[in-house]
Amino acid sequence: MIIEIDNLVKRYGDFLALNHFDLKVKEGEVLGLLGPNGSGKSTAINCMLSLLTFDKGTIQLFGEKMTPTNYEAKQKIGVVPQDIAVFEELTVYDNIDYFCGLYVSDKGKRLGLIEEVISLVGLEEFRKFYPKQLSGGLKRRLNIACGIAHKPQLIFLDEPTVAVDPQSRNKILDSIKELNRQGATIVYTTHYMEEVELLCDQIVIMDQGQVVAKGTKEQLKDMVRSTENLVIDIPLLPDTAIEDIQRLPHVVDVSYGEERLTITTKKMKEVLLPVLSYLEDEHIAFTKIHTGEATLNDVFLEITGKELRD
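Residues numbered from 1 in each chain as written. Predicted model: local features only at pLDDT ≥ 70, side-chain atom pairs only at ≥ 80, totals over all residues. Heavy atoms only, no water.

Draft legend 1. Local environment of the sheet that holds strand 5 (residues 64–65). Reading across the sheet, the four strands line up as 2-1-4-5 and stay open at both edges, with antiparallel pairing between neighbours. The sheet terminates laterally at strand 2 (15–25) and strand 5, the two strands that pair on one side only. Here strand 1 (residues 3–12) pairs with strand 4 (residues 56–61) via five bridges, running antiparallel. Residue pairing across strands places isoleucine 5 opposite isoleucine 59, the latter belonging to strand 4. Strands in contact with helix 1 (residues 41–48) are strand 1, strand 2 and strand 4; relative to strand 2, the strand with the most contacts, it is inclined by about 65°. (Pairing = 2+ DSSP bridges. Helix = DSSP H or I, 4+ residues; strand = E, 2+ residues; numbered from the N terminus. Contact = heavy atoms within 4.5 Å. Axes fitted to C-alpha atoms, helices over the stretch in contact; angles between N-to-C directions.)

Draft legend 2. Inspection of helix 5 (residues 136–148) at higher detail. When the terminal C-alpha atoms of helix 5 are compared, their 19 Å separation across 13 residues agrees well with the 18 Å that a helix rising 1.5 Å per residue should span. Most of helix 5 is tucked away, with eleven of its 13 residues classed as buried. For helix 5, the set of buried residues is Gly137, Leu138, Arg140, Arg141, Leu142, Asn143, Ile144, Ala145, Cys146, Gly147 and Ile148. Against strand 6 (77–80), helix 3 (92–101), helix 4 (107–121), strand 7 (154–158) and helix 6 (166–181) lie the buried residues of helix 5. (Expected span 1.5 Å × (residues − 1). Buried < 20%, exposed > 50% of the residue type's maximum accessible area, 1.4 Å probe, protein only.)

Draft legend 3. Examining the side chain of threonine 190 more closely. With respect to the helices and strands, threonine 190 occurs in the loop between strand 8 (185–189) and helix 7 (193–199). Classification of threonine 190 as buried rests on a relative accessible area of 3%. A polar atom in the side chain of threonine 190 sits 3.0 Å from the backbone nitrogen of tyrosine 192. Polar contacts involving the side chain of threonine 190 include one to the side chain of glutamate 195, which spans 3.0 Å. (Polar contact = N/O pair within 3.5 Å; in protein donor to acceptor, adjacent residues only side chain to side chain.)

Draft legend 4. Structural context of the packing of aromatic side chains. In the structure shown here, the tally under the stated rule is four aromatic pairs. A ring pair is formed by tyrosine 98 and phenylalanine 99, whose centres lie 5.3 Å apart and whose planes are at 85°; its orientation type is edge-to-face. Classification of phenylalanine 99 as buried rests on a relative accessible area of 19%. Geometrically, the ring pair formed by phenylalanine 126 and phenylalanine 129 is edge-to-face, given 5.2 Å between the ring centres and 80° between the ring planes. Here the aromatic cluster, defined as three or more aromatic residues joined through ring pairs, consists of Phe87, Tyr98 and Phe99. The ring of tyrosine 192 carries the charged tip of arginine 169 above its face, separated from the ring centre by 4.7 Å. (Phe/Tyr/Trp six-rings, centres within 6.5 Å; stacked < 30°, edge-to-face > 60°. Lys NZ or Arg CZ within 6 Å of the ring centre and 35° of its normal.)

Draft legend 5. Main features of the pairing of strand 2. Sheet analysis places strand 1 next to strand 2, joined by seven bridges and oriented antiparallel. Across the sheet, residue glutamate 4 finds its bridge partner in strand 2, namely lysine 24.

Draft legend 6. Local environment of helix 11 (residues 296–304). Looking at helix 11, one finds that the buried residues are Leu296, Asn297, Asp298, Val299, Phe300 and Thr304. Taken from the residues just after helix 11, glycine 305 is the one with a positive phi, measuring 75°.

Draft legend 7. How the structure looks around the nonpolar core. In this structure, Ile96, Leu123, Leu142, Ile148, Ile186 and Ile203 are the most contacted members of the largest nonpolar core, which totals 45 residues. Isoleucine 186 has contacts with Glu29, Val30, Leu31, Ile155, Leu157, Ile176, Leu179 and Asn180, leaving out every residue within four places of it along the chain. Among the nonpolar cores identified, the runner-up in size contains 26 residues, and Phe21, Leu49, Ala73 and Val187 belong to it. (Core = buried A, V, L, I, M, F, W, Y, C linked by side-chain atoms within 4.5 Å.)

Draft legend 8. Spatial organisation of the sheet that holds strand 12 (residues 251–257). As summarised here, the arrangement of the four strands in space is 12-13-11-14, forming an open sheet in which the pairing is antiparallel. Since the sheet does not close on itself, it has two edges, and those belong to strand 12 and strand 14 (288–293), each with one partner. Each strand of the sheet is rotated relative to its neighbour by a mean of 20°, with strand direction disregarded. Bridge count for strand 12 against strand 13 (residues 260–265) is six bridges, and the pairing is antiparallel. From the neighbouring strand, valine 254 faces strand 13, where its bridge partner is isoleucine 263. Running at roughly 165° to strand 12, helix 9 (residues 239–246) makes contact with strand 12 and strand 13 of the sheet.

Draft legend 9. Here's a closer look at the side chain of arginine 141. With respect to the secondary-structure elements, arginine 141 resides in helix 5. Buried charged residue arginine 141 carries no salt bridge. Nearest counter-charge: aspartate 165, at 5.2 Å. Ignoring any residue separated from it by four or fewer positions in sequence, one finds arginine 141 in contact with Val121, Gly122, Leu123, Gln167, Ser168, Lys171 and Ile172. (Lys, Arg positive; Asp, Glu negative; His and termini not counted. Salt bridge = Lys/Arg side-chain N within 4 Å of Asp/Glu carboxyl O.)

What follows is the structure in structure tokens.
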């Protein structure tokens, strides 16, 4: 195991941030560490990195006890924080060189690593740019490059695609997949469930400092496999309609966004006709209708009672 955490407890006064938290991550896995805001994800990661002390339990990384002075283990770790952490007065190249230099003193070796990571994240044309000259997406790519330039074996990525343009997002996701293909073990937090579907081998859902579900995406979906989604494309839906549909029998959940109404139910046959009748009676036009199985977001709703973005 690359990561092995047993019975971890962390308190802030009377508040229990981690409540007997357990975690195991195998070498070469991409683990999605998910949970609503305040669930304990950041606390757990900071404890793993020995940035926080804890009250009870054990943490082992690379088969050894993790401590603040275990520099051998820290050399093998890369951290990409959610907040961009680069030097505004340094160019793209010099930023990467600085952070890589914290781990790799040999200039010749460092040169090769810098060029490799610049290519990996797609910053070849921006090596002489300063951060203030970069778009938000390019800054995110630079943030990632600074955290992984030394080719760590274990990488913590905290919402690396938040608020980026689609092109940068795709490049970042491709880079993460390539890092994993090269052998890196990755712990990944995100609020985008489609990224979890795309990247993660194993998923751990946290809530209130505990692991409330874990497994592959299919294993998690099996937990709520009894539900289905009725999806209807509706250009304009009044707010009152959402409330009305939610009150219909056998409707578990209703959401509306990007001109798409999603209704979760355990009895599709009993829900379909009443919903269509309601739309017709209210003169609400729709263009397309289809059904689908439960999603990872449905797993969240059922297990935690919250949307991931709450």
